[in-house]
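These are the residues of each chain, in order.
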Amino acid sequence: MTRTLVVVGHGMVGHRLVEALRAEDTEHTWRVIVLAEEPRAAYDRVALTSYVDGWQAEALSLPGSDYAGDSQVELRLNDPVAGIDRAAKTVTTVGGYRVSYDALVLATGSRPFVPPVPGHDLPGCFVYRTIEDLDAIRAAVDRAKATRRGRAAAMVVGGGLLGLEAAKALRDMGLSPHVVEMAPRLMPIQVDDGGGRLLRKLVTELDLTVHTGASSEKIEQDGNRLYTKLTNGTELDLDLIVFSAGVRPRDELARESRLDVGERGGVLVDLSCRTSDPDVFAIGECAAVEGRCYGLVAPGYTMAEVVAAQLLGKDGEFPGADMSTKLKLMGVDVASFGDAHAATEGSLEVVLADAVSGYYKKLVVSGDESRTLLGGVLVGDASAYNLLRPLVGSKLPADPAAMLAPEGGASVGVDALPEGAQVCSCNNVTKGAITHAITEQGCDSVAAIKGCTKAGTTCGSCVPILSKLLDACGVVQSKAVCEHFTHSRAELFQIIKATRITTFGELIAKHGTGSGCALCKPAVASILATIGTTDGAGGHILDGEQASLQDTNDHFLANMQRNGTYSIVPRVPGGEISPAKLKVIAEVADEFGLYTKITGAQRIDMFGATVDQLPFIWKRLVDAGMESGHAYGKALRTVKSCVGSTWCRYGVQDSVGMAVELELRYRGLRSPHKLKSGVSGCARECAEARSKDFGVIATDKGWNLYVGGNGGALPRHAELLASDVDSQTLIRYIDRFLMFYVRTADRLQRTAPWIEEMEGGLDHLRAVIVDDKLGICEELDAAMAKHVENYADEWRGVLEDPEKLARFTSFVNAPGTPDPTISFRPEREQKVPVLLGVPEVVSR
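Figured I'd write up the structure that's included with this text. Quick caveat, the model's predicted, so the values are computed rather than measured.

**Regarding the overall build of the chain**
Next up, step 1: Within the chain one finds 27 helices and 39 strands.
Next up, step 2: Classification of the 844 residues of the chain by burial places 52% in the buried group.
Next up, step 3: Taking contacts inside the chain between residues at least 6 apart in sequence as the whole, the part at least 24 apart equals 62%.
Next up, step 4: Across the chain, the centroid of the 89 positively charged side chains sits 3 Å from that of the 109 negatively charged ones.

Given below as structure tokens:
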């Protein structure tokens, strides 16, 4: 008989419970009803600050959180629970919905704590907890910018993890944030005095003003302004205030239904997460496990899995929580793990600090001879966190001071981790479980390990260790381009460059087998094209053997559409186009009967051209001063821009001018995958630069450079590589970034996974292209300079060569004859393709 489970709350932990239960409940013994207070399904609240990057709520959505297609789960949004009748075993919502339950789980989370300072509820005061909170803050920021002369200012009350996240969001919106923390240091729970001092120095350099050991006496309003005086005597003139001073468990429903609560709040539960009513459970931030509440998502996930086991008649107890944290605050690495404050009796501290280089590292070890690792703090450089945290409770494999030393010190490999070491704290996955998945279950890639164990699927910080464990288990992670070459794309690039091979035939004869395939031929063609321009050898993409290597789009220098016709996209650098060129595009589209559309990247796409029409269309465009936009190639597509300081009242730099310069500089650069970019004139980010492979955002002092972002099926936000650089430095860094990517990335690898899989990740990339760690920057600079010097428009190259022009006929034996399989129908005053076998849909 099917029983009913009611889950109150649909945050990350509530969703994990449903996910865990449905994965194991193969007999459908439970029907699940989820009652949510928020108007949207569960999303990644841990990454809430990233919402500011693009203001796209869907980017935070948790996979499968809408339960579409799952008949066993009903999700009711925007209808919070009003009361629980434990005697009748029913739950009633504010909207009047009433449902009976066999088991009830409270996953109501927590609410922001707002200190009771006079004036805390005035207009302009906000909390920082939900997407709706950030939308309200954004609206207030926009109002402040529109009315205030000079830069708007804000105060964040709370200098812990949440407070610094809020401060980052405000800074990214273009404000000057003040952070006020009652404790004597920032992040007092996670870091010690030494780490706090360095953290303060580093964030102050990033345009934050920090007030520690202080609080607000009162808040007063004067028109649109807010004024406050701090206990240290500082007076602040503000546009808005954000309270982010911690959280309190949401235990109101438990209190009203007379469930036991903890002495310091929270729904009191035992180790099985069961409340004082055996049919009611509580999980996540609202639960007080044996009196203690946990404010991190990982313990909540563990509680969810414990309850899922209980519901299915299995044993399960909450094992305690790993409160370790690793994060990047405003580009500053901060990590703490284990007994970070050396509270264990007899413990010893080993500290390595260098304020000039910007790092603070501390290990806490036992005072006996075993030198057991008890905990640690890392600020500024947390690269050792992934290997150190799992060693907590184990004897260190080397001297603690040597393990903290920078390059040249003792290195710790995954072999040093005991089998019981917790590699993934979010999902409680041990090294032993991962090695078992590799050796016994055949997991031969990071993706396979994720699917089998869930390691690396939440915050992703343990992904580098997963790859190292594959290596340690003897799994050879092949990066061969295809069966015809044992080499990776990066290795083929170096072979071609070093040996000066100029044809695919010569390369496969000397370094491969067979005759090649649809995988290796385009990859090699791209390498040959890149080296041709960067080494000065030149050559058109359709010259000689090169033409036969291209895929369909590159072969015709246009993008094939679903009915066999092609689209033409002329380059419009930065989205800036003159009326004269717009007129030519309109005339061409009209003359050849093409469907026209403004693309998402500020260009005009013309659809419906047949192969034989392409040269005639290109000629009209080329004669008008336009050129190929490379929408068909694995190359730079566009550099999108907003109007910037030229027109916009918020703009602080000329984003259009920079976008035009970048697009003209990198046009035609063949690469492992397509490249997209954007330049925003201010932190409002209208060009969506942080969803691009490389994005640029203007600041008062220059430009911020972000790398490794992309849209698509697996969207990624780009990460900050360099901040407040001048235009010349910006272009130099982008030159090196692109050339390093072109030379070392795998076939069809976007910049985001390229950086993620790179040993050392973004920090290594920064060391290579900013600090010249490998000594190759001069070579990268020269290669890009050669590319710029040797660029030639591929459309013009075809028009000037009769042999290339001969390729562009629909039928070799009947040039000029139209393809009878291609036909169109009218829709919204334009023509669209009629597709064979596809029923026509009439638009209204």
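**Some words on the layout of surface pockets**
Next up, step 1: Its volume calculated, the second largest pocket comes out at about 610 Å³.
Next up, step 2: Around the second largest pocket, the lining comprises 27 residues; the ones closest to its centre are Arg151, Arg171, Gly174, Thr699 and Asp700.
Next up, step 3: Those elements that place two or more of their residues in the lining of the second largest pocket are helix H4 (161-172), strand E35 (694-699), strand E36 (702-707) and strand E37 (719-725).
Next up, step 4: When the residues that make up the lining of the second largest pocket are grouped by side-chain class, the tally is 10 nonpolar, five polar and 12 charged.

**Concerning the nonpolar core**
Next up, step 1: In this structure, Leu662 and Leu765 are the most contacted members of the largest nonpolar core, which totals 58 residues.
Next up, step 2: Among the elements that line this core, the one with the most residues is helix H22 (residues 727-744), at 10 residues.
Next up, step 3: Listed in part, the 53 residues of the second largest apolar core include Val13, Val32, Leu104 and Tyr301.

**Some words on helix H1 (residues 12-24)**
Next up, step 1: Helix length check: H1 (13 residues) gives 19 Å between terminal C-alpha atoms against 18 Å at 1.5 Å per residue, within 8%.
Next up, step 2: Of all 13 residues making up H1, 10 are buried, and the element is well covered by its neighbours.
Next up, step 3: Within H1 the residues assigned to the buried category are Met12, Val13, Gly14, His15, Arg16, Leu17, Val18, Ala20, Leu21 and Arg22.

**Concerning the environment of cysteine 293**
Next up, step 1: Mapping cysteine 293 onto the fold places it in strand E21 (residues 292-293).
Next up, step 2: With near-sequence residues (within four places) excluded, cysteine 293 lies in contact with Pro249, Gly265, Gly266, Glu285, Ala287 and Ala288.

**Digging into the side chain of arginine 750**
Next up, step 1: On the secondary structure map, arginine 750 appears in the loop between H22 and helix H23 (751-757).
Next up, step 2: Given the relative accessible area of 14%, arginine 750 is considered buried.
Next up, step 3: A polar side-chain atom of arginine 750 sits 2.8 Å from a polar atom in the side chain of aspartate 693.
Next up, step 4: In contact with arginine 750, not counting residues within four places along its chain, are His673, Lys674, Asp693, Gly709, Asn710 and Tyr741.

**A closer look at empty space enclosed by the protein**
To find leftover empty space, a probe the size of one water molecule is rolled over the atoms.
Next up, step 1: Tallying each qualifying case throughout the model produces three cavities of 30 Å³ or more.
Next up, step 2: If you add up the space inside the largest cavity, you get close to 50 Å³.
Next up, step 3: Residue composition of the lining of the largest cavity, by class: one nonpolar, four polar and four charged.

**Details of helix H24 (residues 761-769)**
Next up, step 1: Most of H24 is tucked away, with seven of its nine residues classed as buried.
Next up, step 2: Buried residues of H24: Gly761, Leu762, His764, Leu765, Ala767, Val768 and Ile769, and no others.
Next up, step 3: Tucked into the core, H24 has its buried residues touching E36, E37, H22, H23 and helix H25 (777-790).

**Quick word on the sheet that holds strand E2 (residues 30-35)**
Next up, step 1: Strand order in the open sheet formed by five strands is E3-E2-E1-E7-E19, with parallel pairing between adjacent strands. The strands lining the two open edges of the sheet, one partner per strand, are strand E3 (73-76) and strand E19 (280-282). Strand after strand, the sheet turns through a mean of 15 degrees between neighbouring axes, direction not considered.
Next up, step 2: In this sheet, strand E7 (residues 103-106) lies alongside strand E1 (residues 3-8) in parallel orientation, the contact comprising four bridges. When the bridges of E7 are listed, valine 7 appears paired with valine 105.

**Regarding the sheet that holds strand E13 (residues 216-222)**
Remark on secondary structure: sheet strands pair via backbone hydrogen bonds, oriented parallel or antiparallel.
Next up, step 1: Ordered in space as E13-E14-E15, the three strands form an open sheet in which the pairing is antiparallel. The open sheet has two edge strands, E13 and strand E15 (235-238), and neither has a second partner. For this sheet, the mean inter-axis angle between neighbouring strands, taken without regard to orientation, is 20 degrees.
Next up, step 2: Relative to E15, strand E14 (residues 225-230) is paired through four bridges, and the arrangement is antiparallel. Bridge pairing in E15 places tyrosine 227 opposite aspartate 237.

**A word on the packing of aromatic side chains**
Next up, step 1: Under the definition given, this model contains 13 aromatic pairs.
Next up, step 2: On the basis of an interplanar angle of 75 degrees and a centroid distance of 5.7 Å, the ring pair of phenylalanine 556 and phenylalanine 808 is categorised as edge-to-face. Residue phenylalanine 556 is located in helix H17 (residues 552-556), and its partner phenylalanine 808 is located in the loop between helix H27 (802-805) and strand E38 (824-827); the two are separated by 252 residues in the primary sequence. Exposure class is identical for phenylalanine 556 and phenylalanine 808. Each is buried.
Next up, step 3: What links up through ring pairs into an aromatic cluster is the set Phe556, Tyr566, Trp618, Trp795 and Phe808.
Next up, step 4: Its end group placed over the ring of tyrosine 359, lysine 361 keeps NZ or CZ at 4.8 Å from the ring centre.
Next up, step 5: For arginine 690, the ring lying beneath its charged end belongs to tyrosine 706, and the centroid distance is 4.9 Å.

**What about the environment of alanine 282?**
Next up, step 1: As for its placement among the helices and strands, alanine 282 is situated in strand E19.
Next up, step 2: Along the chain, alanine 282 and lysine 583 lie 301 residues apart, while their C-alpha atoms are 65 Å from each other.

**Some details on the side chain of aspartate 251**
Next up, step 1: Mapped onto the fold, aspartate 251 is located in the loop between strand E17 (247-249) and helix H6 (252-256).
Next up, step 2: Residue classification places aspartate 251 among the buried residues on the basis of a relative accessible area of 6%.
Next up, step 3: Within the structure, the side chain of aspartate 251 is placed 2.8 Å from the backbone nitrogen of glycine 266, a separation counted as a polar contact.
Next up, step 4: Not counting chain neighbours up to four residues away, the residues in contact with aspartate 251 comprise Val261, Gly265, Gly266 and Val267.

**Points about unusual backbone geometry**
Next up, step 1: With a phi angle near 55 degrees, tyrosine 67 is a residue other than glycine that sits in the positive phi range.
Next up, step 2: By the element assignment, tyrosine 67 lies in the loop between helix H2 (51-54) and E3.
Next up, step 3: Phi is positive for glutamate 688, close to 55 degrees, though the residue is something other than glycine.
Next up, step 4: Summarising the element assignment, glutamate 688 is placed in the loop between strand E34 (675-680) and E35.
Next up, step 5: Overall, the relative accessible area of 29% leaves glutamate 688 in the partly exposed class.

**Some thoughts on the pattern of salt bridges**
Next up, step 1: Throughout the structure, instances matching the rule amount to 47 salt bridges.
Next up, step 2: Between glutamate 38 and arginine 45 there is a salt bridge; the shortest N-O distance is 2.8 Å.
Next up, step 3: Look at arginine 45 and you get partly exposed, because its relative accessible area is 23%.
Next up, step 4: Its salt-bridge partner being arginine 667, residue glutamate 627 comes within 2.9 Å of it at the nearest N-O pair. Highlighted residues: glutamate 627 in the loop between helix H19 (614-623) and strand E33 (636-641) and arginine 667 in the loop between helix H21 (655-666) and E34, separated in sequence by 40 residues.
Next up, step 5: Salt bridges linked by common partners bring Lys168, Arg171, Asp172, Glu685 and Arg690 together as one network.

**A look at the packing of H21 against H22**
Next up, step 1: Close contact between H21 and H22 brings their axes to 12 Å; oriented N to C, the two are set at 35 degrees. Considering only the axes of H21 and H22, their crossing is right-handed. For the pair H21 and H22, contact is made by Met658, Glu661, Leu662, Arg665 and Tyr666 and by Ser727, Leu730, Ile731, Ile734, Asp735 and Leu738, respectively.

**So, the pairing of E1**
Next up, step 1: The buried count for E1 comes to five of six residues, which makes it a mostly enclosed element.
Next up, step 2: Pairing between E1 and E2: six bridges, direction parallel. In the sheet register, valine 6 faces E2, and the bridge partner there is isoleucine 33.

Each value, and the rule that gives it
Residues numbered from 1 in each chain as written. Predicted model: local features only at pLDDT ≥ 70, side-chain atom pairs only at ≥ 80, totals over all residues. Heavy atoms only, no water. Helix = DSSP H or I, 4+ residues; strand = E, 2+ residues; numbered from the N terminus. Buried < 20%, exposed > 50% of the residue type's maximum accessible area, 1.4 Å probe, protein only. Contact = heavy atoms within 4.5 Å. Lys, Arg positive; Asp, Glu negative; His and termini not counted. Charge placed at Lys NZ, Arg CZ, Asp CG, Glu CD. 1 Å grid on protein atoms, 1.4 Å probe; cavity = no way out; pocket = protein on both sides within 12 Å on 5 of 7 lines; lining within 4 Å. Points joined across faces, edges and corners; volume = space filled by probe spheres on them. Nonpolar A, V, L, I, M, F, W, Y, C, P; charged D, E, K, R; others polar. Core = buried A, V, L, I, M, F, W, Y, C linked by side-chain atoms within 4.5 Å. Expected span 1.5 Å × (residues − 1). Polar contact = N/O pair within 3.5 Å; in protein donor to acceptor, adjacent residues only side chain to side chain. Pairing = 2+ DSSP bridges. Axes fitted to C-alpha atoms, helices over the stretch in contact; angles between N-to-C directions. Phe/Tyr/Trp six-rings, centres within 6.5 Å; stacked < 30°, edge-to-face > 60°. Lys NZ or Arg CZ within 6 Å of the ring centre and 35° of its normal. Salt bridge = Lys/Arg side-chain N within 4 Å of Asp/Glu carboxyl O. Left-handed = near helix turned anticlockwise from the far one by under 90°.

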